[in-house]
Amino acid sequence: MGKLKGFLEFDRIDESQVNPSERIKNYSEFTISPSPEELNKQGGRCMDCGVPFCHSGCPLGNLIPDFNDAVYKNDWKKALNILHSTNNFPEFTGRLCPAPCEQACVLGLVSPPVSIEMIEKYIVEKGFKEGWIKPIKPTHKTGKKVAVIGSGPAGLAAAQQLNRVGHRVTVFEKDNKIGGLLRYGIPDFKMEKNIIDRRLEILIAEGIEFNTSIEVGKDISTKELEKEFDAIIMCIGASVKRNLPILGSDLKGVIQAMDFLPNSNKFVDKQLSLQKQLSAKNKDVIVIGGGDTGSDCIGTSNRQGAKSVINFEITSKPSEERTNKNPWPFWPFKLKTSSSHEEGSHREWSIMTKEFIGDGKGNLSGLKTVEIKWNHKNEIEEIKGTEKIWPCQMVLLALGFLGPEKSIAEKFELKLNQRGNIQTDEHYKSSKNKIFAAGDARRGQSLIVWAISEGRDVAFEVDKFLMGKSFLTKKNSKGDLISA
Ligand SMILES: Cc1cc2nc3c(=O)[nH]c(=O)nc-3n(C[C@H](O)[C@H](O)[C@H](O)COP(=O)(O)OP(=O)(O)OC[C@H]3O[C@@H](n4cnc5c(N)ncnc54)[C@H](O)[C@@H]3O)c2cc1C
Ligand code: SF4
């Protein structure tokens, strides 16, 4: 275990951050590393509480007390091996995970939980710095060929797992670069893109073949793929955007968040010129919708030099603390204030947009809202006399997603479930033989940690399908790691 009574001796610390007024001048990550000695102490706060609820809080089943203990004892290499045994890409989760493990940490019942996510990040960063993270090439080849469609975290995790047990893995990606939403959704200030590139180098050296700018169903037919590969995994994400079909939604200046954010990431990556940038500079921006997407729009707008940024949420303001409805160790639905919110934005709750207003020349000049309340049937009721006009020149729609693109599922003749996601059985197998699905395409828009977890699980199922048994591991319904 960490340090006996370490949790009484040391307070929790988080990474410190560059001041908001400074960090919005560029798109770089803005956290400041704690000292190695401080990280040792933070690992020492872990109580090794006997029943590690953090394991079940983490969708990957990360062996948290074990790596905390290794960090406390300054054995970073051991910590890295423990972490990599359940998580292919801790550098993504260590930066971007909302850390449900910390909400399930037993210490969190009486005191701030162990800074698990931060420790995870610095274990893997130490691994890269010391050159400990090297390609692991398969020791044998099975002669089986697997196609992975989509290179987000689900596709990358599935590809790495299957390659390691000797299958020939080819990844098809319709974008020009690998990474899915890690590359073209999440802004650089949350994760710089060299973090994806350095992992990609390892995956390529391990022998995975990557084909970018190839859209399956368009540039290569589904029939061709079915003929050539022994198994196919659909990791195509859930990218169908929800619209706001109200008066004026076609005005210039009403933009989908997932048109705005990829455009900005491409601009930061110098793939686009200033003229082609969808820019918030000197504009009053209203972001409709919350979550990670809304928050990323706020951070990006501020970096682009927006005059003002307002965020609308149709939901009522959540409580600041955990309520009895989601007791420990469950994920608490409470007010989340992200680093982007702290950089400058005004938030409005229980508000509904009724109409976009134009300037008579096709450009957005404002919008009209009404305050609402939720009745006992969970329906919206407008509050009379609360209509308001908000001047704005840019609106970003961050209203969530309606599942994966349907056209490719149709071409493969796959069944969808009631929520419009690819239907699978408990073995991640779709309605068609040898076609599997994982990540957001299967579970709907979710989290990176879930995508990696599903990528690992589907790899186990595909390996078992191809070979009759698997030496990989998968989490069972209780969250325990199993192999078969
Ligand atoms: C703006 C934004 C911010 C987010 N921030 C966070 C965060 O901070 N933390 C967090 O945990 N989660 C976050 N998420 C959610 C997270 O990014 C996703 O849950 C995760 O990326 C899903 O991984 P995936 O591999 O299933 O799909 P994706 O990452 O969506 O990857 C799917 C890939 O499939 C490709 N593809 C689709 N169709 C085809 C085809 N026909 N042929 C070839 N390729 C195809 C796509 O181009 C894409 O690259 C965020 C999401 C968004 C939109
Ligand atoms: S992946 Fe997320 S939930 Fe799992 S240990 Fe890391 S921060 Fe916690």
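Residues numbered from 1 in each chain as written. Chains lettered and ligands numbered in written order. Predicted model: local features only at pLDDT ≥ 70, side-chain atom pairs only at ≥ 80, totals over all residues. Heavy atoms only, no water.

A. Quick look at the site of ligand 2. The full set of residues close to ligand 2 is Cys 58, Asn 62, Ile 64, Thr 93, Cys 97, Ala 99, Pro 100, Cys 101, Ile 116, Glu 117, Glu 120 and Val 449. Of all elements in the fold, only helix 8 (100-104) and helix 9 (116-130) reach the threshold of two or more residues within the shell around ligand 2. Of the residues forming the shell around ligand 2, the biggest block, three residues, is contributed by helix 9. The class makeup of the residues in the shell around ligand 2 is eight nonpolar, two polar and two charged. (Near = heavy atom within 4 Å. Helix = DSSP H or I, 4+ residues; strand = E, 2+ residues; numbered from the N terminus. Nonpolar A, V, L, I, M, F, W, Y, C, P; charged D, E, K, R; others polar.)

B. Highlighting the sheet that holds strand 5 (residues 209-211). Across the sheet, which stays open at both edges, the five strands sit in the order 5-4-3-6-16 with parallel pairing between neighbours. For this open sheet the edge positions go to strand 5 and strand 16 (435-437), each flanked by a neighbour on one side alone. Each adjacent strand pair in this sheet contributes to an overall mean axis angle of 20°, direction not counted. Bridge count between strand 6 (residues 231-234) and strand 16: three bridges; the pairing is parallel. Within strand 16, the position partnered with Ile 232 by the bridge is Ile 435. Against the sheet, helix 10 (residues 153-164) contacts strand 3 (145-149), strand 4 (168-172), strand 5 and strand 6, and its axis sits at roughly 165° relative to strand 4. (Pairing = 2+ DSSP bridges. Axes fitted to C-alpha atoms, helices over the stretch in contact; angles between N-to-C directions. Contact = heavy atoms within 4.5 Å.)

C. Region of the structure containing the site of ligand 1. As a matter of local geometry, ligand 1 sits amid 36 residues, with Leu 96, Glu 173, Lys 190, Asp 440 and Ile 448 nearest to it. Leu 96 is positioned with one of its backbone polar atoms (N or O) 2.8 Å from a nitrogen atom of ligand 1. Between ligand 1 and Glu 173 there is a distance of 2.6 Å, counted from an oxygen atom to a side-chain nitrogen or oxygen. Considered on its own, ligand 1 offers 1000 Å² of accessible surface; in the complex 96% of this is hidden by protein. Broken down by secondary-structure element, the contributors of at least two residues to the shell around ligand 1 are helix 10, helix 14 (257-268), helix 15 (291-304) and helix 19 (448-467). With three residues, helix 15 is the largest single contributor of residues to the shell around ligand 1. Across the shell around ligand 1, the residue classes tally to 18 nonpolar, 10 polar and eight charged. The two domains that each donate at least three residues to the shell around ligand 1 are domain 2 (145-239 + 402-482) and domain 3 (254-397). (Polar contact = N/O pair within 3.5 Å; in protein donor to acceptor, adjacent residues only side chain to side chain. Areas by Shrake-Rupley, 256 points an atom, 1.4 Å probe, with all protein chains shown as cover. Domains from an automatic or database assignment.)

D. Quick peek at the domain arrangement of the protein. For the protein, the assigned domains are domain 1 (6-130), domain 2 (145-239 + 402-482) and domain 3 (254-397). Inter-centroid distance (C-alpha atoms) of domain 1 to domain 2 is 27 Å. Facing 25 residues of domain 1, the contacting portion of domain 2 comprises 26 residues. At the boundary of domain 1 with domain 2, total buried surface from both sides reaches about 2400 Å², with 67% on carbon and sulfur atoms. (Buried area = accessible area lost by both parts, 1.4 Å probe.)

E. Region of the structure containing the pairing of strand 12 (residues 364-374). As defined by bridge partners, strand 11 (residues 351-358) adjoins strand 12 across seven bridges and the pair is classed as antiparallel. Counted as the bridge partner of Glu 355 is Lys 368 from strand 12. Adjacent in sequence and paired antiparallel, strand 11 and strand 12 are bridged by five residues, among which Gly 360 carries a positive phi angle near 90°. With four bridges joining them, strand 12 and strand 14 (residues 388-391) adopt antiparallel strand pairing. Paired with Leu 367 across the strands is Trp 390, a residue of strand 14. Alignment of strand 12 against strand 13 (residues 380-382), held across three bridges, turns out to be antiparallel.

F. The side chain of Ser 151, seen in detail. Mapped onto the elements, Ser 151 comes out in the loop between strand 3 and helix 10. Judged by its relative accessible area of 0%, Ser 151 is buried. A polar side-chain atom of Ser 151 sits 2.8 Å from a polar atom in the side chain of Glu 173. There is a polar contact of 3.0 Å between the side chain of Ser 151 and the backbone nitrogen of Gly 179. Once you skip the residues sitting within four places of it in the chain, Ser 151 turns out to touch Leu 156, Val 171, Glu 173, Lys 177, Ile 178, Gly 179 and Gly 180. (Buried < 20%, exposed > 50% of the residue type's maximum accessible area, 1.4 Å probe, protein only.)

G. Summary view of the sheet that holds strand 15 (residues 394-397). Read across the sheet, five strands follow the order 7-15-8-9-10 without closing on themselves; strand pairing throughout is parallel. In this open sheet, the two edge strands, each paired with only one partner strand, are strand 7 (254-256) and strand 10 (346-348). With strand direction ignored, the average angle separating the axes of adjacent strands in the sheet is 20°. The sheet contacts of helix 14 involve strand 7 and strand 15, and relative to strand 7 the element is tilted by about 75°.

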